[in-house]
Structures are given as C-alpha cells and as structure tokens.
Amino acid sequence: MSDKRINSRPENSAENPLGSSLEDLVKQEISSNVDRRAFLMRSAVVGAAAVMTGRSVSAVAAQAKPGPIAASAEPKGVSGGPGNVELSPSLNVVKNQKGPVMTTLDEFYKVGPGPSSSHTIGPMRITYDFYQRCTKLPADQLAKATALKVNLFGSLSATGKGHGTERASLAGLIGKEPATVDPAFLDGLRDNPDQTFPVKLGEKTVNVSLKDVVFDAVKGDFPHPNTMTCKLMAGNTVLLEQEYYSVGGGFIEWKGYTPPKKNPPKYPFSTMKELRQHADQNNLTIAQVILANEMAIPGRSQEEVYAFIDKITNAMVATVKSGLAAPEDSVLPGPIKLHSKAATVYKRAMDDQYETERAIGAVSAYALAGSEENGRGHLVITAPTGGSAGVMPAVVYALGEGGRKLPPEKIRQGMLAAAAIGYLCKHNATLSAAEGGCQAEIGVASAMAAALAATAHDAESRVVENAAESALEHHLGMTCDPVAGFVQVPCIERCAFGAVKAWTAYVIATNEIASRHRVDLDATIAAMAQTAKDMNSKYKETSEAGLAMSVTLC
C-alpha cells in the first residue's frame, strides 16, 4: 500500500471564475449532441461552483462532459486528505456509472451494527470475507499460519476509533457476520480490549486480538478513501493477502473484484428521466417499475421481494421502538458523554397543545431513536447508510403503526420508490461520507424518505421525483465532521432534521403544481457529485475540521 502524500490544490489567480461572461456563455456554440437547456443549466451550476470555490471552469469544458458528473472525474493528487482521494477507475462502483442501475434491494438495505455502514458494517463484511477465503486454503498452507493482520487506511484510519472499526474488523475475522452479530459482543470488545480469540483454520488455530488491527496511513494514493488490507501470515511470510474497499452503504469491493452475474433489468435506467419514462409510457408507478426490475435482475418472485421489504421495515420499526424505550438518562458510549433524548422529546411532544408541533416532535423523536441506537452500536439498517439510520425508519414508523396507520402494501410501494432514489444517487454520485460529505448520507436518506412518503400516499411519478429532489437539494454541501470521530454529534440530530425535511419536501411536492418544479432530480444528483468532488477533504469524515475542531470536550 503506497503512502504517497497528496499535494494541496494551488489557488487560482483573481481571474473571472466563470471563465466566460454570461453574455459569452449564452452566445456560445453548443454541440448538436448536447441539449441547449441542459447545457445552460449545467454551465450555470459549474459557474456557481467556480464562484464558490474560486476555480476557473471553462464552459467549453463543461460542454465536453454532457453526462452526469462522476465523483471520480478529478485527476489524482488534488487534495491533502483521504476524503479527496481519486477513485480508481478499476472500482466496480465507478464502472457501474456507465451502464444501467443493477443494484437490488438485498444489496442496498442491510442489517448490521452501527454506527457506520462504511466504517463498521463494510469492514466487518470485508474481514468475514477474508476469513472465509482463509478457510479454503490448502491444509499444508494453513498448517504454517501464525497470525491474521488487518491494516486500515484513509478515512477508516482517521475516524475508525470513533466508529469502532477495529472491533468490527476483529469480529469479522473470527467469523461473525453484521446481520447476526450480538452488539453486546462488540460492546465487550470496547470495554475489555485485551481479549484474545482463537480462529480455527483447518487443523490450525490462530489467536487474534484488537492489536492485530492496525490504524495505518491516513493520507496517501489509495484506490478509495476507505481502503484496508487483510493478511494471513506465516511468521514474516504472507500466505494470503487481499486489498479491500468499503465503498459506502455497506457495499464492499476488493482488488480484482468481479461483480456477480445478474440478469438484465426489465426496465433499464441510469437516470431519473429514464426511470420516469418507463413509468409514464407503461402506465406504471415508479415503485412498479422497480418491482419489475427486482424480480428480473436476481430472478425473484413478487412474494420474495415483498417478504424482504417486510423484513427490513420490521427491523426499522424495531430500532425506533428500541430507541424510544431506552432510559431517558442513558448516556451514549464514547468521550462526548451525550445523553439520549429520543424518549424525552417524544413524551414532551405528545403533551404539546398544538397538533402540528406534536407531529413534528414525534417524527423527530422517531429519527432520534433510530440514530441513537446507531450511536450505541446496536443493529440498524443501511438506508442508505448507518450514519443516516434514523431518517427512513422515522418516516416508515410515522406512516405505519406510529402515526398514519397506512397498510403494509402502501409502505412496501414506498420502500421500492425510496430504493430507486438511493440507487440513482449511488449510481451517479456517492453514498459515502468519506467521499462526498454528509450530503451523501443524510441528504440521500432524506430524498429517499420523501419519495417513500409521496409514494405511500399515491403520488404520481413527477411528484415523487419532485419530493426527492427538494429533500436532496436542501442538503447539498453538508459536511461530515463528527466530533471526536463518533457518529453522535452532529449525526444524531441530523437524522431528525433529515426526516423532517423529507416530510416537508413531500408536503410541498404534493401541494405545488408539479410541472412548475424547475429543478429535476438528475441535475441535483449531478450537483451533489460535483460538490463532493470540490469539497475540502477535511470535511469528509476525517474529524479534521468543522464541529470536530470547534467543539471542546471537557
């Protein structure tokens, strides 16, 4: 693993950051294969980014790249931190941006321990995968084994201690999986870090402990900001080594990764425009289009798809209930000594004399409850990530047994539409805070929840898109600056605001004239990708700036 330092980006001179005047921009010749309105909108977005960042951007260059702005479009060596690491073009998460969406529900919605899908669930899946590989080695090689070693790089090293990355990594090494691990086991590692565990590899037993998980280089030329290596050693000799990447939302890849073979989708799409075209031309809802693809790509029945959705929504409801039932004076683990407040907020909201404030308070409490469970390291659901694990459960609970009492079928449809929004954000931007800041986690979760609420209330496809777009738009630029590296401040309250914003976006979208909504979801996702690319690495889950620096812990 290279530890090559990345140079800082030089500041531009005081030239016109737009690169062209507005008059020149409008007069500019546009290629025949580029839509004029889309070009002008794109140029305006790029120009605005140039004004904010002080970097000159040619409108001609913007025209030369008419597609969605990939988070990997920037040359290597442009930043001083792990958050601005250029994604390797060999990563499947980058290659997938060039074809139709192929993600499925069981890949997207994952159950696992908090507090982070990329820093906890992903690393546990990675080390569990490596453990399985080790067990398949020839007996003569396993007989030589003496140690298992894990090295964490980039953001995993920068904030891994606050996320419990070393505990999750050790759990995977000894054969535990995210969906079934007992959170008490992880808590035990935190409270008694000197424990040693035997790992059975064929006839050989290798002892492992937290000392075998090393927080390595924070800055370097990594294929992804969340890079880690796993090794099986025979003394100083490496018997097996694999480089892995936790690419966001609990998704993992490795060097030489080949995605599993899948069937083609019934309705291929890579943008919201294409998705809506399928829905409108076939007289289907967005949820019905996604359902057809969920059946086609992995070859499942409708009953199997719905059964999985019910499993996930039941888990979401359970996290909210568990969070609300926690003692009001309980303190979350870690140096912040943060008191839980979900139960208090809920009880006081229920006593409010104003119905609207009761509703806002209840949704906020539901989100706080789910996010506090994440902060405790308990089991949560990536929707799309662990850090945003309070947003979707709050809206699911509010629509179902905790509020509106909508039937399960309505919530199933909403979950399908929500997944579509998450898929598109993953496909055309990122779900990783280490790559894109908190806009990629809370912003995407809020957009998904807005689509969920709109769909559950039978909104047409344009309204669903508008709701999701509004929610995402008003999270653009949100940084990830966890205090002390723990997913607590500002993360827990952000989930509450993300849930309330989702509901606000749904209400606005269902009450405005849908055709007059001026910004489409594709443009906003492209803006998120561009913002992620331009965001200073200190604000990408490194705890090097923002609240992480300005808040002093006593």
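In what follows, the structure referred to is the one given above.
Reading the values: rules and limits
Residues numbered from 1 in each chain as written. Predicted model: local features only at pLDDT ≥ 70, side-chain atom pairs only at ≥ 80, totals over all residues. Heavy atoms only, no water. Helix = DSSP H or I, 4+ residues; strand = E, 2+ residues; numbered from the N terminus. Buried < 20%, exposed > 50% of the residue type's maximum accessible area, 1.4 Å probe, protein only. Axes fitted to C-alpha atoms, helices over the stretch in contact; angles between N-to-C directions. Parallel < 35°, antiparallel > 145°, perpendicular 65-115°, else oblique. Contact = heavy atoms within 4.5 Å. Nonpolar A, V, L, I, M, F, W, Y, C, P; charged D, E, K, R; others polar. Pairing = 2+ DSSP bridges.

(A) Highlighting unusual backbone geometry. Looking along the chain, the bond that leaves Ala383 and enters Pro384 is cis, with omega of 5 degrees. Within the secondary structure, Pro384 is located in the loop between strand 9 (379-381) and helix 16 (391-399). Residue Pro490 is bonded to the preceding Val489 through a cis peptide linkage, with omega at 5 degrees. Checked against the element boundaries, Pro490 lands in the loop between helix 20 (461-473) and helix 21 (491-511). Backbone geometry at Lys337 places phi at a positive 60 degrees, although glycine is not the residue there. Residue classification places Lys337 among the exposed residues on the basis of a relative accessible area of 57%. Unlike most non-glycine residues, Ala484 shows phi in positive territory, near 60 degrees. Looking at where Ala484 falls in the secondary structure, it is placed in the loop between helix 20 and helix 21.

(B) Spotlight on the packing of helix 6 (residues 117-135) against helix 8 (residues 155-163). Taken N-terminus to C-terminus, the directions of helix 6 and helix 8 make an angle of 95 degrees; their axes are 10 Å apart at the nearest point. In terms of their interaxial angle, helix 6 and helix 8 are classed as roughly perpendicular. Contacts between helix 6 and helix 8 involve Ser118, His119, Thr120 and Pro123 from the former and Ser155, Leu156, Thr159 and His163 from the latter. Here the contact of helix 6 with helix 8 is composed, by residue class, of two nonpolar, six polar and no charged.

(C) Spatial organisation of helix 16. Most of helix 16 sits out of view: nine of its nine residues are buried. Listed in full, the buried residues belonging to helix 16 are Val391, Met392, Pro393, Ala394, Val395, Val396, Tyr397, Ala398 and Leu399. Against the buried residues of helix 16 lie helix 13 (302-325), helix 15 (355-375), helix 17 (408-428), helix 19 (442-456) and helix 21.

(D) Seen up close, the pairing of strand 8 (residues 251-254). As paired strands, strand 7 (residues 237-248) and strand 8 are joined by four bridges and run antiparallel to one another. Each residue of the ladder has a partner; that of Gly248, found in strand 8, is Phe251.

(E) Region of interest: the packing of helix 13 against helix 17. Remark: helix 13 packs on helix 17, axes separated minimally by 10 Å, with the N-to-C direction vectors making an angle of 95 degrees. By the angle class used here, helix 13 and helix 17 are roughly perpendicular. Taken together, the residues of helix 17 that come into contact with helix 13 (itself represented by Val305, Tyr306, Ile309, Asp310, Ile312, Thr313 and Met316) are Glu409, Ile411, Arg412, Gln413, Met415 and Leu416. Here the residues of the contact of helix 13 with helix 17 sort into eight nonpolar, two polar and three charged.

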